[in-house]
Amino acid sequence: MNIFCRRLAILVCLSVTSLATAQSSDIAARPPMGWNSWNHFKHQVNDAAVRAQAEAMVSSGMRDAGYTYINIDDTWEGGRDADGKIQTNSKFPDMKALADFVHSKGLKLGIYSSPGAKTCAKFEGSYGHEVQDAQTYAAWGIDYLKYDLCGLNEVMKAAPSPEAAHQIMFDAYVKMRDALRSTGRPIVYSLCQYGNDAVWEWGASVGGNLWRTTGDISDKYAKMAEIGFGQAGLARFAGPGHWNDPDMLEVGNGGMNNEEYKTHMSLWAILAAPLLAGNDLSKMTPETLAILTNREVIAVDQDAAGKQGDRVSAEGPIEVWAKPLADGSKAVGIFNRHHLPLTAHVDFRLLGYASGAKARDLWLDKDLGKIGPEYSVKIPSHGVVMLRVTQ
Ligand code: GLA
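Residues numbered from 1 in each chain as written. Predicted model: local features only at pLDDT ≥ 70, side-chain atom pairs only at ≥ 80, totals over all residues. Heavy atoms only, no water.

Once that is clear, we can look at the side chain of Thr213. Within the secondary structure, Thr213 sits in the loop between strand E8 (210–212) and helix H8 (221–229). Of the polar contacts made by the side chain of Thr213, one reaches the side chain of Gln231; its length is 2.8 Å. Excluding residues that lie within four positions of it along the chain, Thr213 makes contacts with Tyr194, Gly195, Trp200, Gln231, Leu234, Asn244, Asp245 and Pro246. (Helix = DSSP H or I, 4+ residues; strand = E, 2+ residues; numbered from the N terminus. Polar contact = N/O pair within 3.5 Å; in protein donor to acceptor, adjacent residues only side chain to side chain. Contact = heavy atoms within 4.5 Å.)

Structure representation (structure tokens):
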């Protein structure tokens, strides 16, 4: 081998190595932001709807507020051709062309599959075709994969013990991680197995950039609150490149009022959760858009320190949550889970501000000056006061 060839070999080797490590370290340095089809469209998602979402993400200003991924959930899959290559069904005539369109808008495209033979909606899964599917996604220009356990449950049920079942799931997630890495394309890897087996403890080790910590959300305050407030204690498992995922947003889908949607958005931001809008972006009210694009709330979610917030106190239905931010300030959410308005009495000493703090109200867009150390504020039913506070 002459010296040029040797140098080339080293370069190739180096770039392959850096592509391989890119999968978990460089991807999703901040919680992914975007849109997903499931919550609103379910089986009705198709090429035209996805294009309309991409267009609306740009024209509404959501892209400029940080939303990037347009994620197609379940029901896009056709069967396989004679070589085993996954096909789209008639709702998606040309996935590569769709990816090109989404990319032309400065956005990224996500897709969905299962480690099982079938997806949750009984479409074709990736079982036995992991490498081939990853190659197909990369060739189409896919940037994000949600990998949903569902169909693998059948295989896991036949395992001789819970430990063996866990190993089957673990290995299946590793298999797709390696398949994605071998494409050389940076693809966000989103695990969806509903928080089973304390996924937060091992999700990062199978290459997950995010992992669902819960079952499915629905567009109801009770379900959203059960999931969101149920995230207490999980903060230490999240960080840049590997996030807890309490499921997609329901903001704007109509089942909650705007106070409840502000609670949803505030809590997800404090949790450093992925912000994947789940409504029809082409038909948003100004209030929905304002909730989804509140820059200061988004900045809490996307903060460079990458620290998930946690519960500081609970006094009956009043809960105080806080998230430490890179500039030394804190985001503080004061939540009222009661069905009537309540006055919250918050002790800022518990938040580390012995003589009170300088505060800004992020939903009122208003500087409050110095508050506390004992601070009382009236909060609407199921509502929130979201503050950014400094010494
Ligand atoms: C599961 C997931 C949902 C969605 C559906 C699609 O229920 O948890 O988020 O992806 O499957 O079938």
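In terms of burial, strand E6 (residues 144–148) is a largely internal element, five of the five residues being buried. A two-sided burial pattern is seen for E6, the buried positions comprising Tyr144, Lys146 and Asp148 on one face and Leu145 and Tyr147 on the other. Where strand E5 (residues 108–113) meets E6, four bridges bridge the pair, whose relative direction is parallel. Paired with Tyr112 across the strands is Lys146, a residue of E6. Judged from the five bridges that link them, E6 and strand E7 (residues 188–192) form a sheet pairing that is parallel. Note on E7: the bridge partner recorded for Tyr147 is Leu191. (Buried < 20%, exposed > 50% of the residue type's maximum accessible area, 1.4 Å probe, protein only. Pairing = 2+ DSSP bridges.)

Here we take up the packing of helix H3 (residues 47–59) against helix H4 (residues 95–104). Close contact between H3 and H4 brings their axes to 10 Å; oriented N to C, the two are set at 10°. Taken as axis vectors, H3 and H4 run roughly parallel relative to one another. Here Asp47, Val50, Arg51, Ala54 and Glu55 of H3 come into contact with H4, specifically with Ala97, Leu98, Phe101 and Val102. Taken together, the residues of the contact of H3 with H4 sort by class into six nonpolar, no polar and three charged. (Axes fitted to C-alpha atoms, helices over the stretch in contact; angles between N-to-C directions. Parallel < 35°, antiparallel > 145°, perpendicular 65-115°, else oblique. Nonpolar A, V, L, I, M, F, W, Y, C, P; charged D, E, K, R; others polar.)

For the rest of this paragraph, the subject is the site of the ligand. Surrounding the ligand, one finds Trp38, Asp73, Asp74, Tyr112, Cys120, Ala121, Lys146, Asp148, Cys192, Tyr194, Arg212 and Asp216. Contact with the protein chains removes 92% of the 310 Å² of surface that the ligand exposes when unbound. Partitioned by chemical class, the residues of the shell around the ligand number six nonpolar, no polar and six charged. (Near = heavy atom within 4 Å. Areas by Shrake-Rupley, 256 points an atom, 1.4 Å probe, with all protein chains shown as cover.)

Turning our eyes to something else, we now look at the sheet that holds strand E11 (residues 310–315). Taken together, six strands build an open sheet; the order of strands is E11-E12-E13-E18-E15-E16 and the sheet is antiparallel. Each edge of the sheet is formed by a strand with only one pairing partner; in this case those strands are E11 and strand E16 (366–371). Along the sheet, successive strands turn relative to each other by an average axial angle of 25°, direction set aside. Sheet contacts for H8: E11, strand E12 (318–324) and strand E13 (330–336); angle to E12, the most-contacted strand, approximately 50°.

What follows concerns the sheet that holds strand E2 (residues 69–71). The parallel open sheet is built from eight strands, whose spatial order is E9-E8-E7-E6-E5-E2-E1-E10. One side of each edge strand has no neighbouring strand; the edge strands of this open sheet are strand E9 (243–245) and strand E10 (275–277). Here the strands of the sheet are splayed against their neighbours by 25° on average, with no regard to which way each runs.

Attention now moves to the nonpolar core. Counting residues in each nonpolar core, the largest one holds 85 residues, and the members touching the most others are Tyr67, Trp76 and Met265. For this core, the element with the highest residue contribution is helix H7 (residues 162–183), accounting for eight residues. Non-local contacts of Trp76, meaning those with residues more than four positions away in its chain, are made with Ile86, Gln87, Thr88, Asn89, Phe92, Met95, Ile111, Tyr112, Tyr137 and Trp140. Formed by 19 residues, the second largest nonpolar core is a distinct cluster that contains Val346, Tyr375, Ile379 and Val385. (Core = buried A, V, L, I, M, F, W, Y, C linked by side-chain atoms within 4.5 Å.)

The subject of this paragraph is the state of the cysteines. Think of a disulfide as a covalent bridge from one cysteine sulfur atom to another cysteine sulfur atom. Using the criterion set out here, one finds one disulfide in the structure. The side chain of Cys120 participates in a disulfide bridge whose partner is Cys150; the two sulfur atoms lie 1.9 Å from each other. Its S-S torsion of about 105° marks the bond between Cys120 and Cys150 as right-handed, since a negative value means left-handed. With Cys120 in the loop between E5 and helix H5 (130–140) and Cys150 in the loop between E6 and helix H6 (152–157), this pair connects stretches of sequence that are 30 residues apart. The exposure class of Cys120 is partly exposed, given its relative accessible area of 33%. (Disulfide = S-S within 2.5 Å.)

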